[in-house]
Amino acid sequence: MKSALLATLLTLTAAAAHAQPLWIEAESFSSPGGWVLDTQFIDVMGSPYLMAHGMGKPVKDATTTIDLPAGTYTLWARTKNWVAPFNATGAPGRFEITVNGQKLDHEFGTTGKDWQWEKAAPVKITGKTTTLALHDLTGFDGRIDALILAKDGEDFTPPADLAATNKLRRQLLGLPDKAPETTEYDLVVIGGGYSGMGAAISGARQGLKVAFIQNRPVLGGNGSSEIQVWAMGGTRRGLYPHLGEIVEEFADRASNSPAANPQEFNDKLKEDTVEAEKTIDLHLNTHVYGVEMTADKKNIRSVIGLDTKSGKETRFLGKLFVDCTGHGSVGALAGAEFMMEEKGRMGMSNMWVMQNLKHPVTWPATPWALPLKLEDFPEPRPLAPVGKKNAENMKGYDLGYTPVPDPADYLHGEWFWESGFDKHPINDLELIRDHNFRAVYGAVSALKTLKAEKYADYDLSWLAYIGGPRESRRIVGDMILNGEDMVKGIIHPDGCVPTTWDQDLHYPKEQYAKNFPDNPFISRAEFGKHTDRKNGYPVPYRCFYSKDIGNLFMAGRTISVERHALGSTRVMRTCGMMGEVVGKAAWICVRHHTTPRGVYEQYLDILKDLMSQPGAMRRDTLEGNLYLPANAKKLPEPATSSADSIDPKKLEGIVIDDTEAELTGKWAHGEGLKPYVGKHYSYSSDAAASARFPFSVKQTGNYEVRIYFQPHENRAKTAPVTLLTADGEKTVTVDQTKAPKDPQGAYSLGTYKFTAGEESAVIFRTTNAGGNVHLDAVQILPAK
């Protein structure tokens, strides 16, 4: 309907002034065919655009109709050769345009390192309804922003620079100088990921009138079917164990990340959960690109949203605003102080899936892709069976999908297909995504040609064209949480949201960066200081609002934390709980006529009380009492941590935990592989790393020596373990990619003699281990 209204507007404009060129937004085509809508880079290149993302197979034509007076017109298309900025050979994004079925004598997308207008030969319009079509030639991400039809013979050339292009766009579309505005909302939430959903639902359940704005057609952000990142972070624990209940109402239960079926991320459940709240106005496909401040510049009056399909603009008025954009876009537009690293940031991932089709599949030549050899990247891994991974987030829940019959038929490129570490996370975002494209296409080409006997029957079945970014702007609040507070367990008076993820930062993986040092595309996770995973570290409320803008909250990656703390707080379930807190605080602001800062200074006890209430609690009006609806969604009991860890005191014999080992080199700690002994396990592939587990027996004799570990595909295949015994040194190798027979992870190294009173030891080394050496505990038992 919006497209029809726009077409009518364009027709009336053209009829009123024949000399006026006709502007046609590609994204407003009545039928997009197989072309996808890309909205990630509006702030950089000025507009949404259509892209032919066929993964090597030409997509179905996009079509639309226009009415113009008869005559001859010059057609212009704003496009680019997307590999030209990399000085790559060729033009993978080539496409044609047809008018009433007649192909224009011009191939688009072959030139230009940046967005530019390409001119085709004159087009004859007969005066009847005219059909335009975009015809993809390659399936490799050709893209188009807009078309212009100008009367032939008129002295008209579209401008090259962005500001002038946007001015012309507004003029030819007939957009008003000032967009129409809505009535005033209590809360305007910008960004539809987990943090935005938490804020919108929480606020609505407190009786607030909420505008919820998302620039994609689906909710979930990185946790949507478009990106497929698992939502990590523990919920329903710590000081306020009801936090996270709202998140668990809509969170994914996917079997893999990425999965064979993107719908495992259950976009419908997310939208249904939001739509069930009658005081939320949901605005999908709406990108906020501007703000309007109050006269004193201290508060936001409205945000300006662009409908990414029709081009229509709206000003959303609000009492309070929440920046859940991930990029801190609203805060930056409003003039809030923010933090952003100059170099060495975490990058953006575009994950991918290959499927075994059981018959040979051809793959086009990709001379413009990264020229990869097999040693330049890790081979894609098989999908795990349902329930083997992410089990703690699946237990007791309706999955909402039918698993694929045979996960072994699928391989996936996971989170570590990541680049952009030293690129600007906003201005270079399209280049980062396109570099990831070149890496994935180059990898598929290498697998299909250099390892054809294995990959002949495989085809690229899914590649995220929407990137999953990890780090950009962080808006400064009244408090900047640092990572050391987490490690030392310093609890602040306004601590609330439990963050359970370790301080996890990503860096280029040196093994794969050798041939591409200027722009690596495979990352490694470096887990720094340990976070209390069972109870969580309570993130302070003061991190959730801007110190500069009086009515601006933040939730998600944009909150006020230093970088190491971001490594823990950035995961999605944690971000969703931030939104829950913000929604409750927003009610306090409206009900008590105060500010986000005022909640901390004057009404913190009320916020603490609200955070102590079940997530399903609601009130029907601002002044109404909270109550629990009879039809409130019942959640399974949260997974208890008792099954996650093994108390070393309950194990027989002598037990030395990894916390008691003498470690050298770099060792990371983890809790993801369960069960583990004690507080956590340790692992390392650092060439200089070793771990010594000393012990002494009270009686001379023979003892069985066991080590504890849980298997993983990235663990050591030949972990060297040395035992200092009464008979000298004994060394064995252990394959830690295979599960021990004992379900608790005990693996017997054999029986050895030890002398009473003498120090003995079990020593792990990483030399020639073939992966991460895993330490958990060593157990010494009298031989039977």
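This one's a predicted model, so the numbers in the text were calculated from it and none came from an experiment.

(A) Focus on the overall build of the protein chain. Each helix and strand in the protein chain was counted, giving 15 helices and 45 strands. Computed over its C-alpha atoms, the radius of gyration of the protein chain comes to 29 Å, within 12% of the 28 Å expected for a compact globule of 784 residues. Expressed as lengths along the three principal axes of its C-alpha atoms, the size of the protein chain is roughly 105 × 70 × 45 Å. Within the protein chain, contacts between residues at least 6 apart in sequence are counted, and of these 79% link residues at least 24 apart. Surface summary for the protein chain: the accessible area is close to 31000 Å², and the carbon and sulfur share equals 51%. Each charge class in the protein chain was averaged separately, 87 positive and 96 negative side chains, and the resulting centres sit 1 Å apart.

(B) Structural view of the sheet that holds strand E23 (residues 418–419). In spatial order, the strands read E23-E19-E25; together these three strands make up an open sheet with antiparallel pairing. Two strands close off the open sheet at either side, each with one partner strand: E23 and strand E25 (468–469). With two bridges connecting them, strand E19 (residues 348–349) and E25 associate as antiparallel partners. From the neighbouring strand, Ser349 faces E25, where its bridge partner is Gly468.

(C) Quick peek at empty space enclosed by the protein. The tally for this structure, following the rule as stated, stands at five cavities of 30 Å³ or more. Reported here for the largest cavity is a volume of approximately 60 Å³. Met346, Gly347, Met348, Ser419, Gly420, Pro425, Leu429, Ile432, Pro469, Arg470 and Glu471 together form the lining of the largest cavity. Along the lines of polarity and charge, the residues of the lining of the largest cavity split into six nonpolar, three polar and two charged.

(D) Region of the structure containing the environment of Ile24. Relative to the helices and strands, Ile24 is located in strand E1 (residues 22–25). Accessibility expressed as a relative area gives 3% for Ile24, which makes it buried. Residues Ile24 and Ala769, spaced 745 residues apart in sequence, show a C-alpha to C-alpha distance of 60 Å.

(E) Here's a closer look at the packing of aromatic side chains. Summed over the entire model, instances satisfying the criterion amount to 30 aromatic pairs. Taken together, a centroid distance of 6.1 Å and an interplanar angle of 45° make the contact between Tyr681 and Tyr683 tilted. We classify Tyr683 as buried; its relative accessible area is 13%. Members of the aromatic cluster, connected to one another through ring pairs, are Trp82, Phe140, Trp363, Trp368, Phe437 and Tyr441. In this structure, Arg473 packs its charged tip against the face of Phe338, placed 5.4 Å from the ring centre.

(F) Here's a closer look at the nonpolar core. Ile300, Val303, Tyr541, Phe544 and Phe553 are the most contacted members of the largest nonpolar core, which totals 82 residues. Examining the composition of this core, we find that twelve residues originate from one element, helix H13 (residues 572–592), more than from any other. Judged by nonpolar contacts, the second largest core, of 44 residues, contains Trp82, Phe140, Tyr458 and Ile466.

(G) Representation of the sheet that holds strand E35 (residues 668–670) in the model. With antiparallel pairing, the three strands of this open sheet are ordered in space as E35-E37-E44. The two strands at the open ends of the sheet, each matched to only one other strand, are E35 and strand E44 (773–775). Across the sheet, the axes of successive neighbouring strands diverge by a mean angle of 30°, strand direction being ignored. Sheet topology places E35 next to strand E37 (residues 681–684); three bridges connect them, and they run antiparallel. Its bridge partner lying in E37, Ala668 is registered against Tyr683.

(H) Representation of helix H3 (residues 162–173) in the model. With twelve residues, H3 should reach 16 Å at 1.5 Å per residue; the first-to-last C-alpha distance of 16 Å fits that figure. Within H3, the full set of buried residues consists of Thr165, Leu168, Arg169, Leu172 and Leu173. When H3 is viewed along its axis, its buried side chains cluster within an angular range of 120° and face the same direction. Along H3, the residues that are exposed and aim more than 90 degrees away from the buried face are Ala163 and Lys167.

(I) Spotlight on the packing of helix H4 (residues 194–205) against H13. Relative orientation of the contacting elements H4 and H13 amounts to 30°, with a least axis distance of 6 Å. With respect to each other, H4 and H13 are oriented roughly parallel. As H4 packs across H13, the resulting crossing turns out to be right-handed. Each of Tyr194, Ser195, Gly198, Ala199, Ser202 and Gly203 in H4 lies in contact with H13, whose residues at this interface are Met572, Arg573, Cys575, Gly576, Gly579, Glu580, Gly583 and Lys584. Split by residue class, the contact of H4 with H13 holds four nonpolar, seven polar and three charged.

(J) Expanded view of the pairing of strand E15 (residues 286–293). Counting buried positions along E15 gives seven out of eight residues, so the element sits mostly inside the fold. The antiparallel pairing of E15 with strand E16 (residues 300–307) creates a hairpin that spans six residues between the two strands, and Lys297 there sits at a positive phi of about 65°.

(K) Highlighting the confidence of the model for the protein chain. Mean pLDDT over the protein chain stands at 93; residues scoring 70 or higher make up 97%. Segment residues 1–18: pLDDT under 50, and 17 contacts once partners within four positions in sequence are set aside and those in other chains are kept.

Rules and cut-offs
- Residues numbered from 1 in each chain as written.
- Predicted model: local features only at pLDDT ≥ 70, side-chain atom pairs only at ≥ 80, totals over all residues.
- Heavy atoms only, no water.
- Helix = DSSP H or I, 4+ residues; strand = E, 2+ residues; numbered from the N terminus.
- Rg over C-alpha atoms; globule rule 2.2 N^0.38 Å.
- Contact = heavy atoms within 4.5 Å.
- Areas by Shrake-Rupley, 256 points an atom, 1.4 Å probe, with all protein chains shown as cover.
- Lys, Arg positive; Asp, Glu negative; His and termini not counted.
- Charge placed at Lys NZ, Arg CZ, Asp CG, Glu CD.
- Pairing = 2+ DSSP bridges.
- 1 Å grid on protein atoms, 1.4 Å probe; cavity = no way out; pocket = protein on both sides within 12 Å on 5 of 7 lines; lining within 4 Å.
- Points joined across faces, edges and corners; volume = space filled by probe spheres on them.
- Nonpolar A, V, L, I, M, F, W, Y, C, P; charged D, E, K, R; others polar.
- Buried < 20%, exposed > 50% of the residue type's maximum accessible area, 1.4 Å probe, protein only.
- Phe/Tyr/Trp six-rings, centres within 6.5 Å; stacked < 30°, edge-to-face > 60°.
- Lys NZ or Arg CZ within 6 Å of the ring centre and 35° of its normal.
- Core = buried A, V, L, I, M, F, W, Y, C linked by side-chain atoms within 4.5 Å.
- Axes fitted to C-alpha atoms, helices over the stretch in contact; angles between N-to-C directions.
- Expected span 1.5 Å × (residues − 1).
- Arc of directions from axis to C-beta.
- Parallel < 35°, antiparallel > 145°, perpendicular 65-115°, else oblique.
- Left-handed = near helix turned anticlockwise from the far one by under 90°.
- pLDDT = per-residue confidence, 0-100.

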